[in-house]
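Summary of structural features
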Amino acid sequence: MNDTAARGRIDLLIVNIGYLITVDATRRVITDAAIAVRGGQIVAVGKESEVCAALEGSEVMSRVDARRAVVTPGFIDLHLHSSFQLARGLADEANARQFLVDRMYPYEAALSRADVELSARLAAREMLRHGTTCFVDPGNIHPESTLAGIAPLGIRSVLARSAFDLAGSDFGAIPKEMISTPDTAVNEAQSLIDQYRGELDGRIDVSVSFR
């Protein structure tokens, strides 16, 4: 259990955890565990009996029964195009060329800012429901709308603006809406970094995405 689990108001107390997978330095797996949270920070982790004893007399604002579940730290998805959420079923059972050139690139080029915002919000909701608390988005042409979509949900993200400088190859053609020059791509990437890195109380980072 954390040494700093001081008495006082506890915003959230999770009890009856069957297996708590800590992923700490010693890779502890704690059975019959509990977690206490204050001000968005975990202040106590350990056996339920020890955590509750240490917090005796504290005001607990919310208590959750984990129902003997397995509890882990939040997952991180290292490659997720949140703007693709509305395209479920569009490219099922397609080969690589069909998936990208015939279906996904035309779909992506047609997305409005409102489409990207809605898609990102739906993607973030699904991730959070399944334990993913951070994702790296390789980008689309409206990354500002991605940020607007996820902003109310508390999820963390690394955002990028997609960059293509070749309109096509033997593999196939890219919609003109998605093409930029290398100089334009660099400038847009730098602008995104300058404007949005550290936004939403530090939940947002920005990267560069050359596709």
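Now for a quick tour of the structure. Source: prediction; values computed, not measured.

Taken in spatial order, the 4 strands make up an open sheet running β6-β7-β8-β12, and their pairing is parallel. Only two strands of the sheet have a single neighbouring strand rather than two, namely β6 (75-77) and β12 (204-206). Direction aside, neighbouring strands of the sheet carry axes that sit 15 degrees apart on average. Relative to β12, strand β8 (residues 156-159) is paired through 3 bridges, and the arrangement is parallel. Each bridged residue has a counterpart across the sheet, and for Leu159 the counterpart in β12 is Val206. Its contacts with the sheet put helix α4 (residues 143-150) on β7 (132-136), β8 and β12, and the angle it makes with β8 is roughly 180 degrees.

Moving on to the packing of helix α3 (residues 113-129) against α4. Helix packing geometry: the angle between the two helix axes and the distance between the axes. Running from amino to carboxyl end, α3 crosses α4 at an angle of 45 degrees, the nearest separation of the two axes being 7 Å. One way to sum up the angle between α3 and α4 is to call them oblique. Two packed elements cross with a definite hand, and for α3 against α4 that hand is right-handed. Packed against α3, whose contacting residues are Arg113, Val116, Glu117, Ala120, Arg121 and Ala124, the element α4 presents Glu144, Ser145, Thr146, Ala148, Gly149 and Ile150 at the interface. Per-class residue counts for the contact of α3 with α4 are 5 nonpolar, 3 polar and 4 charged.

Now for the environment of Arg9. Relative to the elements of secondary structure, Arg9 occurs in the segment before β1 (12-21). Along the backbone, Arg9 and Leu55 are 46 residues apart, and their C-alpha atoms lie at a distance of 9.2 Å. Discounting chain neighbours no more than four positions away, the residues touching Arg9 are Arg38, Glu59 and Met61. Polar side-chain contacts of Arg9 include one of 3.3 Å to the side chain of Asp11.

Moving on, we come to the environment of Arg88. Relative to the elements of secondary structure, Arg88 occurs in the loop between β6 and α2 (96-110). In terms of polar contacts, Arg88 uses its side chain to reach the side chain of Glu126, at 2.6 Å.

Let us look at the environment of His142. With respect to the helices and strands, His142 occurs in the loop between β7 and α4. Not counting the four nearest positions on each side in its chain, His142 is found in contact with Leu111, Ser112, Arg113 and Val116.

We now examine the nonpolar core. Core analysis: the biggest nonpolar cluster contains 15 residues, and Met127, Phe135, Ile150 and Ile155 have the highest contact counts within it. Ranked by residue count, the leading element in this core is α3, at 4 residues. Excluding anything up to four places from it in sequence, Ile150 contacts Ala120, Ala124, Phe135, Ile155, Ser157, Arg203 and Ile204. Listed in part, the 10 residues of the second largest apolar core include Ile17, Ile30, Ile35 and Val45.

Rules behind the numbers
Residues numbered from 1 in each chain as written. Predicted model: local features only at pLDDT ≥ 70, side-chain atom pairs only at ≥ 80, totals over all residues. Heavy atoms only, no water. Pairing = 2+ DSSP bridges. Helix = DSSP H or I, 4+ residues; strand = E, 2+ residues; numbered from the N terminus. Axes fitted to C-alpha atoms, helices over the stretch in contact; angles between N-to-C directions. Contact = heavy atoms within 4.5 Å. Parallel < 35°, antiparallel > 145°, perpendicular 65-115°, else oblique. Left-handed = near helix turned anticlockwise from the far one by under 90°. Nonpolar A, V, L, I, M, F, W, Y, C, P; charged D, E, K, R; others polar. Polar contact = N/O pair within 3.5 Å; in protein donor to acceptor, adjacent residues only side chain to side chain. Core = buried A, V, L, I, M, F, W, Y, C linked by side-chain atoms within 4.5 Å. Buried < 20%, exposed > 50% of the residue type's maximum accessible area, 1.4 Å probe, protein only.

Everything listed is a geometric property; what it means functionally is a separate question.
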